[in-house]
Amino acid sequence: MRGHRVWAEIDLTALRRNIAVVRSEVGRRTRIMAVVKADAYGHGAVQISNHALAAGCDALGVGDSAEALELRDSGITRPILILGAIIEEEIPQVVEYDVAVSVHSSDLLDLLDREARRQHRLLRVHLKIDTGMGRLGASPARAAEIAREIVSRRNLELEGLCTHLSSVASANGAYTRQQLDRFQEAVAELDRLGLRPPIIHVANSVGLFTFREAHFDMVRTGITLYGLGPGLFARLNLSLHPILSLKTRIAFLKNVPEESAIGYDQSYVTPKATRIATCPVGYNDGYPRLLTNRAFALVRGRRVPVVGTVTMDYIMLDVGDLEEAGVGDEVTLVGRDGLEEIRLEELARTIGTIPYELTCGFGRRVRRVYLETPDLPAVARKPIETPLSLRACGS
Ligand SMILES: Cc1ncc(COP(=O)(O)O)c(C=O)c1O
């Protein structure tokens, strides 16, 4: 990409295809919430949200009020739910911007109701139950009582009831079934009391494919949109593919003799005379320092090793076997070049993490460039660039 030092190419056609796979799984009657928290797992929340909605998603899930406000300020009017826990100071703006909130206890109900009344608005509330994730949510035993408290407030509407599954990727589904049983009991209790809200939602990405009974009225999906977990998806026989490639270019090339030290602390010493390419990407951009001497990049369709320490702004590659490499050459850190591919999963596995921890960490200098795959009907063929969006990362 001309003019860029380090950039993420995001394939909107692949995003649409991934959403179509989710839609065909859940059918037309179940809503799809696109989880775009943490700047859409680092892919750029505004662009991803617009395309996800255009591709048939029904609602957006964010981590906090700043993320919700960014989407509203960009002109998005469709339903947005804050999946996490809000704090008191966020209340006036979530009411003003018509953002639904998750509640986990009765603690904030008075404040929420009072603020909604002050602004002459109705605030939509989703009651979250902790069925075994152990992070947020009320205990199932208290669900009915809190639901009653919500509906008794004039300016609050109990729109949703939800829980979060903690162990859907585990081969043994026993824990998930336990969570679902606990949740079903709470739903039944609310039903008995005439308090069942219109949108019940439980399943995340893997859950929606492995536990059909968890579809209810809406699924909340993040990693399927981004194709983050192709190994897992392949095991489940799902045609979901990564939408992001991370690229940089060769900024500097030099020939070095045998036994040249490369990088801080001489962490690599060349075993023979070679050529070293220096590329403007480093751990500030989210390319982890732990990849020092442990990763590969693609140059002209060939794998070349990352040598020496990953520094804040630069990495070095040994391109000694690549006569034709030149300054300005595109370097693929994640993605495909010719027949070769480096998957985020490969990098994540190397350093003992998950692919989306890496995408969430891509920094402000990484330009997000949105593309359509040329062999399919295009919504916009020209790359669309957005200003750098907030660097944010939820958990
Ligand atoms: C409450 C909640 N629902 C849904 C999701 C989406 O999960 P996934 O990306 O696995 O689909 C998340 C993400 O962590 C979440 O926190």
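Rules of the game
Residues numbered from 1 in each chain as written. Predicted model: local features only at pLDDT ≥ 70, side-chain atom pairs only at ≥ 80, totals over all residues. Heavy atoms only, no water. Helix = DSSP H or I, 4+ residues; strand = E, 2+ residues; numbered from the N terminus. Rg over C-alpha atoms; globule rule 2.2 N^0.38 Å. Buried < 20%, exposed > 50% of the residue type's maximum accessible area, 1.4 Å probe, protein only. Contact = heavy atoms within 4.5 Å. Areas by Shrake-Rupley, 256 points an atom, 1.4 Å probe, with all protein chains shown as cover. Lys, Arg positive; Asp, Glu negative; His and termini not counted. Charge placed at Lys NZ, Arg CZ, Asp CG, Glu CD. Near = heavy atom within 4 Å. Polar contact = N/O pair within 3.5 Å; in protein donor to acceptor, adjacent residues only side chain to side chain. Nonpolar A, V, L, I, M, F, W, Y, C, P; charged D, E, K, R; others polar. Salt bridge = Lys/Arg side-chain N within 4 Å of Asp/Glu carboxyl O. Axes fitted to C-alpha atoms, helices over the stretch in contact; angles between N-to-C directions. Parallel < 35°, antiparallel > 145°, perpendicular 65-115°, else oblique. Left-handed = near helix turned anticlockwise from the far one by under 90°.

A.B. asks: What is the right way to read the overall build of the chain from this model?
C.D. replies: Of the regular secondary structure elements, the chain holds 13 helices and 21 strands. For a compact globule of 395 residues, the expected C-alpha radius of gyration is about 21 Å, and the chain comes in at 24 Å, within 12% of that figure. Projected onto its principal axes, the C-alpha coordinates of the chain cover approximately 80 × 45 × 45 Å. Looking at the chain residue by residue over its 395 residues, the buried ones come to 54%. Considering only contacts within the chain whose residues lie at least 6 apart along the sequence, 66% involve residues at least 24 apart. For the chain, the accessible surface area stands at approximately 17700 Å², while carbon and sulfur atoms represent 49% of it. Averaging the locations of the 49 positively and 49 negatively charged side chains of the chain gives two centres separated by 3 Å.

A.B. asks: Hey, could you run me through the site of the ligand in this one?
C.D. replies: In the vicinity of the ligand, the residues found are Val35, Lys37, Tyr41, Lys128, Arg135, His164, Asn204, Ser205, Arg220, Thr221, Gly222 and Ile223. Separating an oxygen atom of the ligand from a side-chain N or O atom of Lys37 is a distance of 2.9 Å. For the ligand, an oxygen atom lies 3.1 Å from a polar atom in the side chain of Arg135. In the complex, the protein chains occlude 90% of the 390 Å² of accessible area that the ligand would expose alone. Every element with two or more residues in the shell around the ligand is listed here: helix H2 (37-41) and strand E9 (218-221). Looking at the shell around the ligand, its residues break down into three nonpolar, five polar and four charged.

A.B. asks: When you look at the side chain of Gln179 in this model, what are you seeing that I'm missing?
C.D. replies: Structurally, Gln179 is set in helix H8 (residues 174-192). With relative accessibility at 0%, the residue Gln179 sits in the buried group. A polar contact of 3.0 Å, which involves the side chain of Gln179, links it to the backbone oxygen of His164. Leave out the neighbours within four places in its chain, and Gln179 touches Thr131, Gly132, Met133, His164, Leu165, Ser166 and Ser167.

A.B. asks: Please clarify how the pattern of salt bridges should be interpreted in this entry.
C.D. replies: As a working rule, side chains carrying opposite charge can pair if their charged atoms are close by. If you walk through the whole model with that rule in mind, you get 23 salt bridges. Between Arg142 and Glu149 there is a salt bridge; the shortest N-O distance is 3.7 Å. Assessed through its relative accessible area of 29%, Arg142 is described here as partly exposed. We classify Glu149 as partly exposed; its relative accessible area is 21%. With its nearest N and O atoms 3.7 Å apart, the salt bridge here joins Asp191 to Arg196. For Arg196, a relative accessible area of 39% puts it in the partly exposed group.

A.B. asks: How should the environment of Leu195 be read in this particular structure?
C.D. replies: By secondary structure assignment, the location of Leu195 is in the loop between H8 and strand E8 (199-201). Its relative accessible area of 12% is what places Leu195 among the buried residues. Leu195 sits 51 residues away from Ala144 along the chain, and the two C-alpha atoms are 8.0 Å apart. Once residues lying within four places of it in the same chain are set aside, the contact partners of Leu195 are Ala144, Ala147, Arg148, Val151, Leu158 and Leu190.

A.B. asks: Looking at this structure, I do not really get the packing of helix H1 (residues 12-26) against helix H3 (residues 45-54). What am I missing?
C.D. replies: The interhelical angle for the contact between H1 and H3, taken along N-to-C directions, is 45 degrees, at an axis separation of 10 Å. In terms of axis orientation, H1 runs oblique to H3. Crossing hand, H1 versus H3: right-handed. Contacts from Leu12, Leu15 and Ile19 of H1 reach H3 at Ile48, His51 and Ala52. Among the residues making up the contact of H1 with H3, the classes are represented as five nonpolar, one polar and no charged.

The quantities given are spatial measurements derived from coordinates; they are silent on function.
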